[in-house]
Amino acid sequence: MAEAVAERPAAERTDARRVLLWSCLVVFMAQMATTIYLPALPAVMRELDVSRGFAGASISVFVIGAAAPVVPWGRAADRYGRRGPLLASLGLFVACCIALAVTTSPALLLVLRALQGIGAGGSAIIARIAVRDLGSGDQLARRLSVLSIAFITALGGGQFTGGLLTRYADWRLGFVVLAVVGAAAIATSFALPLGPARPAGEAGNVFRVGLRLLRTPGFALPTYAGGLGFATVVVLQEVAPFVFQQHFGLAADAYGGIGLLLAPAYFAGALTVNRTVARFGAGRLMRTGALVMTASGLAMVVLWSLDAGRVTALTAFIALYCVTTFGQAVLFPTSMAAAASADPAHGAYAIALCGFVQQSTAGLAALAATPLRAELAWSATAAALSALAWFLVRGTTLSKGASR
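What counts and what doesn't
Residues numbered from 1 in each chain as written. Predicted model: local features only at pLDDT ≥ 70, side-chain atom pairs only at ≥ 80, totals over all residues. Heavy atoms only, no water. Patch = residues over 30% accessible without salt bridge, like charges linked within 9 Å, V, L, I, M, F, W, Y side chains within 5 Å. Areas by Shrake-Rupley, 256 points an atom, 1.4 Å probe, with all protein chains shown as cover. Salt bridge = Lys/Arg side-chain N within 4 Å of Asp/Glu carboxyl O. Helix = DSSP H or I, 4+ residues; strand = E, 2+ residues; numbered from the N terminus. Phe/Tyr/Trp six-rings, centres within 6.5 Å; stacked < 30°, edge-to-face > 60°. Buried < 20%, exposed > 50% of the residue type's maximum accessible area, 1.4 Å probe, protein only. Lys NZ or Arg CZ within 6 Å of the ring centre and 35° of its normal. 1 Å grid on protein atoms, 1.4 Å probe; cavity = no way out; pocket = protein on both sides within 12 Å on 5 of 7 lines; lining within 4 Å. Points joined across faces, edges and corners; volume = space filled by probe spheres on them. Nonpolar A, V, L, I, M, F, W, Y, C, P; charged D, E, K, R; others polar. pLDDT = per-residue confidence, 0-100. Contact = heavy atoms within 4.5 Å. Core = buried A, V, L, I, M, F, W, Y, C linked by side-chain atoms within 4.5 Å.

## A look at a nonpolar patch on the surface
Thought 1: A contiguous nonpolar surface patch, about 380 Å² in accessible area, is contributed by Phe160, Leu164, Tyr168 and Leu260.
Thought 2: In terms of residue count, helix H7 (residues 137–168) provides more of the nonpolar patch than any other element does, three residues in total.
Thought 3: Looking at the element boundaries, Leu164 is found in helix H7.

Dropping the structure here:
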């Protein structure tokens, strides 16, 4: 009997590690759907004979598609268990990747990218719900920072791979790579101890719970701040391929290589959260991440206001892009942990609603920024988004040690 009791915690830790590693794979897949495609935007514009705004919109519609059904995905995961909705979202993602690999229609490209976003958003939010099932508070912030490893890999490796495919092969092959990753996520999910369904009486009314959460400052403020931080990064991702390839004249593979510089910056931010959240708390780190992004955004405004030489401007822009990425890596996991911990009884709803608000904010901001071609205009927009994020959480705290 004593041996069984002793073995149980070890088995639970093993299961937790398996769930966390698998969640990293899913988050990697969802993020790579953007990063592997980024270097192709100028090529998409040329080959499909569309405008820069249309090509950029293929990023925005993906983000909006990922956001739109997040709450229903969370509701389904709570009502029917994690596995069924997860397989449905992954299946949709893989099917869209296959279709995108062969399409030549600009209109169909946007439709499929939106549907691909729906599948990616569903699988990513259920993966985060699975991580939320393992604990809350600072413990959750630490685990979400581990998910950043997947984001880092997709950020650097995805952009680098996309750059190589765009220059030396065909940018559509990126969707084939994504389909393979999605299929691997489906195959490995069957061995995981994912959470079961909750009885109908316990699941509650998703709209009632959602409205209550949105009226709770402990949930709403970090959620909106995280969304604004995410929006800052998406705006940069949307304009960066054109800035690097058209303004600075870099080749697609050279732009892809810049992702290898962004990855260490994100890793540094994720490591900062993982190593210091127990000491400083998620609330303090969240404010720090937003402040770093604001300072970097303002520096970008100054950069584009000056008549700097090409090499100086390129070096400064890469450095500021890395600093912004570091700030986002600190802000994102801590903001989601703060929001999810606001109502421990409805953790799945909190994660789903937080994801919906953050994805929606990012998608709509990026869509609004697609007409902005002047560097000063989009950099001022990015700085304003980060500044508003900091303003919202400047006094927000999250109790240390609030974990299960």
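## Description of the packing of aromatic side chains
Thought 1: Counted under the stated rule, the structure contains eleven aromatic pairs.
Thought 2: Look at Phe244 and Phe248: their rings are 6.3 Å apart centre to centre, the planes differ by 40°, and that puts the pair in the tilted class. The residues Phe244 and Phe248 share a single accessibility class, namely buried.
Thought 3: Sitting over the face of the ring of Phe391, Arg394 holds its NZ or CZ atom 4.0 Å from the ring centroid.

## Some details on empty space enclosed by the protein
Thought 1: Within the structure shown, the criterion is met by four cavities of 30 Å³ or more.
Thought 2: As for the largest cavity, its lining consists of 27 residues, and the residues nearest its centre are Gln31, Arg128, Phe151, Phe230 and Gln359.
Thought 3: Residue assignment for the lining of the largest cavity shows that the elements contributing at least two residues are helix H1 (2–35), helix H3 (52–67), helix H6 (106–132), H7, helix H11 (217–247), helix H14 (310–340) and helix H15 (347–369).
Thought 4: The element that contributes the greatest number of residues to the lining of the largest cavity is H6, accounting for five residues.
Thought 5: Here the lining of the largest cavity is built from residues that sort into 17 nonpolar, nine polar and one charged.

## Here's the deal with the pattern of salt bridges
Thought 1: Inspection of every chain in the model, using the stated rule, returns three salt bridges.
Thought 2: The residue Arg172 makes a salt bridge to Glu47 at a minimum N-O spacing of 3.5 Å. Separated by 125 residues along the polypeptide, Arg172 in the loop between H7 and helix H8 (173–189) and Glu47 in helix H2 (residues 41–47) bring together distant segments of the chain.
Thought 3: Here Asp170 and Arg172 are joined by a salt bridge, their closest N and O atoms 3.6 Å apart.
Thought 4: Classification of Asp170 by relative accessible area gives partly exposed; the value is 31%.
Thought 5: Judged by its relative accessible area of 12%, Arg172 falls in the buried class.

## A few points about the confidence of the model for the chain
Interpretation of this model should avoid reading the predicted coordinates in detail wherever pLDDT is low.
Thought 1: Here the chain shows a mean pLDDT of 83. Residues at 70 or above account for 88%.
Thought 2: Contacts from residues 1–8, a stretch scored under 50 in pLDDT, to residues over four places away or in other chains number zero contacts.
Thought 3: Within the model, pLDDT remains below 50 along residues 398–404, and this stretch shows 24 contacts once partners closer than five positions in the same chain are excluded.

## Structural notes on the environment of Leu260
Thought 1: Along the polypeptide, Leu260 turns up in helix H12 (residues 252–280).
Thought 2: Once the C-alpha coordinates of Leu260 and Ile152 are considered, the two residues, 108 residues apart in sequence, prove to be 9.1 Å apart.
Thought 3: Not counting residues within four places of it along the chain, the set of residues in contact with Leu260 comprises Gly156 and Phe160.

## Some details on the nonpolar core
Considering soluble globular proteins, one finds that nonpolar side chains tend to be buried as a cluster.
Thought 1: Judged by nonpolar contacts, the single largest core of 121 residues is most densely connected at Phe244, Phe248 and Phe317.
Thought 2: No other element matches the 15 residues that H14 contributes to this core.
Thought 3: With residues up to four places along the chain from it excluded, the contact list for Phe244 reads Gly249, Leu250, Tyr255, Ile258, Leu314, Phe317, Ile318 and Tyr321.
Thought 4: Judged by nonpolar contacts, the second largest core, of five residues, contains Val273, Ala282, Leu285 and Val330.

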